[in-house]
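# Working through the structure, step by step
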Amino acid sequence: MRALKAAAAAGLVLAALTGCVREGGRVDMGPTGGTPVEGGTATMALPPAATPNWIFPIGAPGYGASYNYGIQSLLFMPVYEAVQDRAAGKLTTHGPSTLGLEPRYSDGNRTVTVPLRRGVTWSDGTPVTARDLEFWFHLVKANKRSWGNYSVGTMPDNVKRFETLDDHTVRLRLSRAYNPDWFTANQLTLMRALPQHAWDATSDGGRIGDFDRSPEGARAVFARLTRHAKRLGSYGSDPLWKTVNGPWKLAGWRDNGQVTLVPNERFTGPRSQRPHLDKVVFKPFTTAGSEYNVLRSGGVDYGYIPPSVLAQKERFEDRGYRVDPWEGWAATYIVHNFNSTHAGPLLRQLYVRQALQHLVDQKAMSEVIWQGSATPTLGPVPVTPRSQYLSKGMERERYPFSVARAKALLKAHGWRTEDGTAHCARPGTGPDRCGAGIAEGTRLELTLLSQSGSTETTNMMQELKSSLSRAGIDLTVRQQPLNSVLGNSVPCTAEDPGCDWDMSFFGTAGSWYYPLNPSGEQLFSTGASANFGNYSDAKADRLIRAVQYAPDMKAVHAYGEYLAEQLPVLWMPNPAYQVSVIRNDLRGVEQNPTVTFAPQDWYYVKKAGQAGKGGAS
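The following paragraphs examine the structure supplied in this document. Note on numbering: residues in each chain are counted from 1, in written sequence order. pLDDT decides what is reported in this predicted model: residues at 70 or higher carry local features, side-chain atom pairs at 80 or more are listed and counted, and totals for whole chains, interfaces and linings draw on all residues regardless. Side-chain metrics rest on all non-hydrogen atoms present in the structure, leaving aside hydrogens and water.

## Quick notes on the overall build of the protein
- A run of H or I in DSSP counts as a helix once it spans at least four residues, and a run of E counts as a strand once it spans at least two, with each numbered from the N terminus. For the protein, the count of helices and strands is 15 helices and 27 strands.
- The quantity called the radius of gyration is restricted to C-alpha atoms. Its globule counterpart is 2.2 Å times the number of residues to the power 0.38. The C-alpha radius of gyration computed for the protein amounts to 24 Å, which stays within 12% of the reference 25 Å derived for 617 residues, consistent with globular compactness.
- Between two residues, a contact is recorded if the distance between any of their heavy atoms is within 4.5 Å. Restricting to contacts in the protein with at least 6 residues of sequence separation, those with at least 24 account for 69%.
- Where accessible areas are quoted, they stem from the Shrake-Rupley method and a 1.4 Å probe; at the residue level, only the protein chains shown are allowed to cover. Surface accessibility of the protein: about 22300 Å² in total, with carbon and sulfur atoms responsible for 49%.
- Taking the average place of the 66 positive charges on the side chains of the protein and the average place of its 56 negative ones, the gap between the two points comes to 2 Å. The charge count includes Lys and Arg as positive and Asp and Glu as negative, but it does not include His or the ends of the chains. Just so you know, the charge point we use is NZ for Lys, CZ for Arg, CG for Asp and CD for Glu.

As structure tokens, then:
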């Protein structure tokens, strides 16, 4: 998840959009035409058990859910992000919704200049300048280990010098030459302009200064902002979060995760980004079933249906909705905790991971549980929508479903089954032994933390538990709300309290949403903050670095094929982000593959015989 999400590379045609692009390159999200009307309220349902819980635009580990980022981007204009070029049918990183204009690379790709849009102000009237970008850089540099997007060697490590050229231009002197495709997609999209004039204080009520310009001051400022960000119940009243520069401002943020936004009347960005609606409500639900009931009663304008009821979509179409699966540029997986106090030695054995992968019946899960709305995940590069990043080698399923192959792998390495559960009968490190750290008599028992609130996820976990049991692997599934799973699945060492979890799943709507360049520095490089399972492999690290440096497809193909073979995670079916159900009179909705949303583009159209404002009140 992006988390657990990122933006696409500048200027590259998104081959991945082939699944939703219609004739002429236009993304067709339903009926067009009609007479637009200003005003109205749109209520959008959030994913099951998904509770927005982080407003500070520097995300902390465990708070990287895509809906957190999506809401932040409506309050604080992103410098770069995925932007739909409707005319060309592609994604770029800059456009009307971004603060940054097209970046310029020079000095053999060792320098990048970032120009900012002029005339944009904060909601208190203060101009947005390069100083606000410098403020962000100082905060992440001094607090990188507390930043959810940090991985060793990348931003901010790869910036030798941050230079302010003028009030609206900054220049990054890089540590080496980088692939512009990768650097724009995976590094520049992390940048944020933060209101330095309002936030640069080390204590509540303290004076505003240039404290961020020293490491000690930056740490104190960051600590203060983080303390406020953890006070979820006070978001609506906290003056810190009232200084915004996006098209929306916060009207309410409840403890249960319901977020209400209203137009920022002092928004000075492009006119095309000024909202048409009076209000947008992001509504949380504990389960997909509860959302479905509210949707059927008309309580949601933009919601979703479980894939299991896709065959009944005509009922919604007859009631004035359109049904549209939202395909995501994502991979879905179960995290292996290689440092688990219990199962770490087991999961560090490649043959154990191979046996587990042979026991995932992705085809059956996709067809039966997801009603055909999911596709296999075969490695770290998404199989669909298709892209230039997928090699022929990555299209092959290396570990097809086979209980017999899983049993054979375990038997060949010294495992015997008694009372239904396999145990290690030949300890040791030889090629026919159980492996390092696995004592004689060790039972193949694993515990999995899994996201609650989704019937499909529950059914997948039950199917997986059943498959594993056929090979003598005892799986215990513990379901928790999404935020709890994320919070309990952070990187850890075997000595840390709370590192006793073996596996973790939070991917009902896709586990990780990629930039267009699907490199794995945040997921699979040693020490990365989103490397929740503590995976570490020297060759994988080298291949990931090659993707960052080499401006061709060979590097990303080599990376993808190696990780598909090595199984740093357990690949699972990748579902559509959601099967959306949208009111026909709500227009301007584009379902971006990177799962960002832009309610400033939404508007109602007048129904036959209707006068005045459109939309729900």
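## Side note on the packing of helix 2 (residues 130-142) against helix 5 (residues 215-229)
- Think of each axis as a best-fit line through the C-alpha atoms, taken over the contacting stretch in the case of a helix, with angles from 0 to 180 degrees between the N-to-C directions. For the pair helix 2 and helix 5, the least separation of the axes is 8 Å and the interaxial angle reads 95°. Here helix 2 is positioned roughly perpendicular relative to helix 5, judged by the angle of their axes. Residues Phe 135, His 138, Leu 139 and Ala 142 of helix 2 pack against Pro 215, Ala 218, Arg 219, Val 221, Phe 222 and Leu 225 of helix 5.
- Across the contact of helix 2 with helix 5, the residue classes break down as eight nonpolar, one polar and one charged. In this scheme, roughly parallel covers angles under 35 degrees and roughly antiparallel covers those over 145, while 65 to 115 is roughly perpendicular and the rest are oblique. Throughout, the ten residues Ala, Val, Leu, Ile, Met, Phe, Trp, Tyr, Cys and Pro are labelled nonpolar, Asp, Glu, Lys and Arg are labelled charged, and all others, Gly among them, are labelled polar.

## Concerning the sheet that holds strand 8 (residues 169-174)
- Judged by pairing direction, the sheet is antiparallel, and its four strands sit side by side in the order 5-6-8-7 without closing on themselves. Strands with a single pairing partner mark the edges of an open sheet, and in this sheet they are strand 5 (104-106) and strand 7 (159-166). Going from strand to strand, the sheet's axes swing by 20° on average, the running direction of each strand aside.
- Paired strands, in this sense, are two strands between which DSSP finds at least two bridges. Looking at chain direction, strand 5 and strand 6 (residues 111-115) are connected through three bridges and run antiparallel. Note that in strand 6 the partner of Arg 104 across the bridge is Thr 113.

## Some thoughts on the state of the cysteines
- Here, a disulfide means two cysteine sulfur atoms that sit within 2.5 Å of each other. What the rule picks out here adds up to two disulfides.
- In this model Cys 424 forms its disulfide with Cys 434; the gap between the sulfur atoms is 2.1 Å. For the disulfide bridge between Cys 424 and Cys 434, the dihedral angle about the S-S bond is near 110°, and by the sign convention the bridge is right-handed. Taken together, the positions of Cys 424 in strand 18 (residues 421-424) and Cys 434 in the loop between strand 18 and strand 19 (445-451) put the pair 10 residues apart, joining distant regions of the chain. Grouping residues by exposure puts Cys 424 and Cys 434 together as buried. Only protein chains enter the accessibility calculation, which uses a 1.4 Å probe; a residue is then buried when its area is under 20% of its type maximum, exposed when over 50%, and partly exposed in between.

## Focus on the pairing of strand 17 (residues 415-418)
- Bridge count for strand 17 against strand 18 is four bridges, and the pairing is antiparallel. Bridged to Glu 418 within strand 18 is Thr 421.
- Hairpin connection of strand 17 to strand 18: two residues between the antiparallel strands, including Asp 419 at a positive phi of 55°.

## Quick look at the sheet that holds strand 23 (residues 569-571)
- Taken in spatial order, the five strands line up as 20-19-21-15-23 in an open sheet, and their pairing is mixed. For this open sheet the edge positions go to strand 20 (474-480) and strand 23, each flanked by a neighbour on one side alone. Strand-to-strand twist across the sheet, computed as the mean angle between neighbouring axes with direction ignored, equals 25°.
- As defined by bridge partners, strand 19 adjoins strand 21 (residues 503-505) across three bridges and the pair is classed as parallel. The residue bridging Ser 450 from the neighbouring strand is Phe 505, located in strand 21.
- Along the sheet, helix 9 (residues 350-358) makes contact with strand 15 (333-336), strand 19, strand 21 and strand 23, crossing strand 23 at roughly 20°.

## Concerning the nonpolar core
- Ranked by internal contacts, the top residues of the largest apolar core, which has 122 residues, are Phe 56, Trp 136, Leu 172, Phe 282 and Trp 602.
- Considering every element that reaches this core, the biggest residue donor is helix 2, with seven residues.
- Residues within four places of Phe 282 in sequence aside, it is in contact with Met 44, Leu 46, Ile 71, Leu 74, Gly 257, Gln 258, Val 259, Leu 261, Phe 597 and Pro 599.
- Of all hydrophobic cores here, the second largest spans 37 residues; its members include Leu 347, Trp 370, Val 403 and Cys 424. For this analysis, a nonpolar core means a set of buried residues of the types Ala, Val, Leu, Ile, Met, Phe, Trp, Tyr and Cys, connected via side-chain atoms within 4.5 Å.

Keep in mind these numbers describe shape, not what the thing actually does.
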